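# What the coordinates show
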Amino acid sequence: MPYNCPMKEPCISNSFDARGFLRTVSHRPGVYRMVDSSGQALYVGKARDLRKRLGNYFRSGGNSHKTRAMMEQMHHVEVTVTHTEAEALLLECHLIKDLRPRYNILLRDDKSYPYIQVSIEDEYPRMAFHRGAKRARGRYFGPYPSAHSVRESLNLLQKLFQIRPCEDSVFRNRSRPCLQHQIHRCSAPCVGRITPERYRDDVQHAVLFLEGKGDQVIDTLAERMEQAAAQLDYETAARHRDQIASLRRVRERQYVSGEGGDLDIVTAAVRGGAACVQVFFVRAGRNLGNKAFHPRIPAEAEPAEILGAFLSQYYVDREVPTEILVNHPLDDAPLLETALGAQAGHRVTISHRVRGERARWLRMAQTNAECALDAQLASRAGMAGRMQHLREVLELEEAPTRLECFDISHTMGEAATASCVVFNQEGPVKSDYRRFNIQGITPGDDYEALQQAVTRRYTRIQQGEGRLPEVLFIDGGRGQVAQARRVLEELQVAGVTVVGVAKGPARRPGAEVLHRATGGRPILLAPDSPALHLIQQIRDEAHRFAITGHRQRRARARNTSTLETIPGVGPKRRQRLLRQFGGLRELARAGVEDLAGVEGISRELAQRIYDSLHVTDR
């Protein structure tokens, strides 16, 4: 409920009747949103007692620098009352993800995590990689921290148990074993090379292994090895022996000694205005790997505050383990346990003081968080140094904070695609990358393609989408630079330095030549120049992004037959034409008379087909 009325408060620069507003606020739990004059949320918070919590913001002293800066921008406060504090916590998490307020700690990770799926209800179950909603029947194991860790586990399981990985459509239509069987990764149930009973045993062993019951699998295999040896079936005995040896090696590498069940180990490190949160995943007593997160944090954020915000945002739409280990005590630990337990449907414990092996794993996760933070800070410092060198090379007044680069990709004029990549002082800003499908130009004319891409990009920026860079790089020479400069002048875009990056005479890395829009002699940088390394990095990224888009567009075009786009040519006529001429290439060489000679093709339709197949020649 927004409330505004004029009154000066000591810690607020704008007009806001804090006393009048607080009289209208309930003492019940809820969520509040600090909003600026443009309607953007500055901060989202929760409170057990809304009036008491909000009252702390409007006192004359004692607030932190971050809070004072936020209150100077605050225009009004919006309040939502909830039934419980746990409900307020969940609502706060959703609002932070939706609104992305400037002064909140923001977790920048919206990807779903991968799982291993076993279709145990099939006669011959399949074991496969899965990401997304769990709609298909079967059992799911995970989550795993990355697709790589899932594929590594699947690779291991296929070696050990030879469970089929193929799609059902492929499985039902096989007439002979595939390559997976030949390299001993699948027992070929598709062609009856294994009985359903024995295949079921292999699946059961794989499931037990994923459940953390490796000892039980080893005991069963040991019994079978002895039985096979007693029956003089030494080949089978040797296979079981190798399985047991592999399982023991895997268990030694993956198990958390002395631990069982599901738990996550979450640690935070903060330094230099940056933060890193490390999450180690343990499922059924097995270490599945770890993942690093770098949330956006406000100034003066403490590790415990970051951990609390991370846990509430991270688990709000993910599977929650029974226990979470953290490296700092959390003030809201009981509340988080209640909210996460209600969401998960089982009890959740957040532990801080642990001993033995758990303490060792907590220290290891803390070390990983600090190392990842060191790497991020070093990368940031390296980028800042490169920006400073670039300022000197281009004779800019200040070090740039935003760079853009354009590149054009096509194959003999086909499916021309332009890319625009963006870098800031921390590196690539992939959320701001853009691709442009170039249309309506002379095939192969890079100047026209560049003009269209730059026009579309900076027209949108002039309309309020994004912000202008200080430096615009063009993959090309003086001609491309002049083209980009003319577009910027027409759009009345000022303050952007345009630089062309041309390959040197030998076209080898390190010999690039820089051309400025202002003219003058070309700039040649030393091969070890940090500014050149930055230019090469952004140029190569623009090229990669352009060629990826071009290939995708070209593949889509080639998956569609030209005949499918011609009015009056349905499936039967297409079939007759292709059968009559033996393919699209020979069809394109045929004349109108030849086309009209095909059953069902009139003279008018033949002319239409001929024109469509020869549109690029006109």
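Right, let's walk through the structure included here. (Residues numbered from 1 in each chain as written. Predicted model: local features only at pLDDT ≥ 70, side-chain atom pairs only at ≥ 80, totals over all residues. Heavy atoms only, no water.)

### Here's the deal with the overall build of the protein
Across its full length, the protein holds 20 helices and 19 strands. Residues counted as buried form 47% of the 618 residues belonging to the protein. Nonlocal contacts in the protein, meaning residues at least 24 apart in sequence, comprise 62% of its contacts between residues at least 6 apart. As presented, the protein carries roughly 31600 Å² of accessible surface, and 47% of it is formed by carbon and sulfur atoms. (Helix = DSSP H or I, 4+ residues; strand = E, 2+ residues; numbered from the N terminus. Buried < 20%, exposed > 50% of the residue type's maximum accessible area, 1.4 Å probe, protein only. Contact = heavy atoms within 4.5 Å. Areas by Shrake-Rupley, 256 points an atom, 1.4 Å probe, with all protein chains shown as cover.)

### Some remarks on the packing of helix 5 (residues 147-161) against helix 8 (residues 196-210)
Interaxial distance between helix 5 and helix 8 falls to 10 Å at its minimum, and their mutual angle equals 140 degrees. When the axes of helix 5 and helix 8 are compared, the pair comes out oblique. In terms of crossing hand, the pair formed by helix 5 and helix 8 is right-handed. Note on element contacts: helix 8 touches helix 5 through Asp202, His205, Ala206, Phe209 and Leu210, opposite Leu156, Leu157 and Phe161. (Axes fitted to C-alpha atoms, helices over the stretch in contact; angles between N-to-C directions. Parallel < 35°, antiparallel > 145°, perpendicular 65-115°, else oblique. Left-handed = near helix turned anticlockwise from the far one by under 90°.)

### Describing the state of the cysteines
Here a disulfide denotes a covalent bond joining the sulfur atom of one cysteine to the sulfur atom of another. Summed over all chains, the structure comprises 0 disulfides. Between cysteine 178, a cysteine without a disulfide, and cysteine 186, which holds the nearest cysteine sulfur, the sulfur-to-sulfur distance is 5.5 Å. (Disulfide = S-S within 2.5 Å.)

### Considering the pattern of salt bridges
Should the charged atoms of two oppositely charged side chains come close, the side chains can pair. By the definition in use, this model includes 20 salt bridges. Measuring nitrogen to oxygen at the nearest pair gives 2.9 Å for the salt bridge that ties lysine 46 to aspartate 332. Here the residue lysine 46 occupies a position in strand 2 (residues 41-47), and aspartate 332 occupies one in the loop between strand 10 (323-326) and helix 12 (333-344), the gap between them amounting to 286 residues. A relative accessible area of 17% means that lysine 46 is categorised as buried. Accessibility expressed as a relative area gives 32% for aspartate 332, which makes it partly exposed. The shortest N-O distance in the salt bridge between arginine 126 and glutamate 167 comes to 3.5 Å. Highlighted residues: arginine 126 in the loop between strand 4 (115-118) and strand 5 (127-130) and glutamate 167 in the loop between helix 5 and helix 6 (168-172), separated in sequence by 41 residues. What emerges from the salt-bridge pattern is a single network uniting Arg402, Glu404, Asp432 and Arg457. (Salt bridge = Lys/Arg side-chain N within 4 Å of Asp/Glu carboxyl O.)

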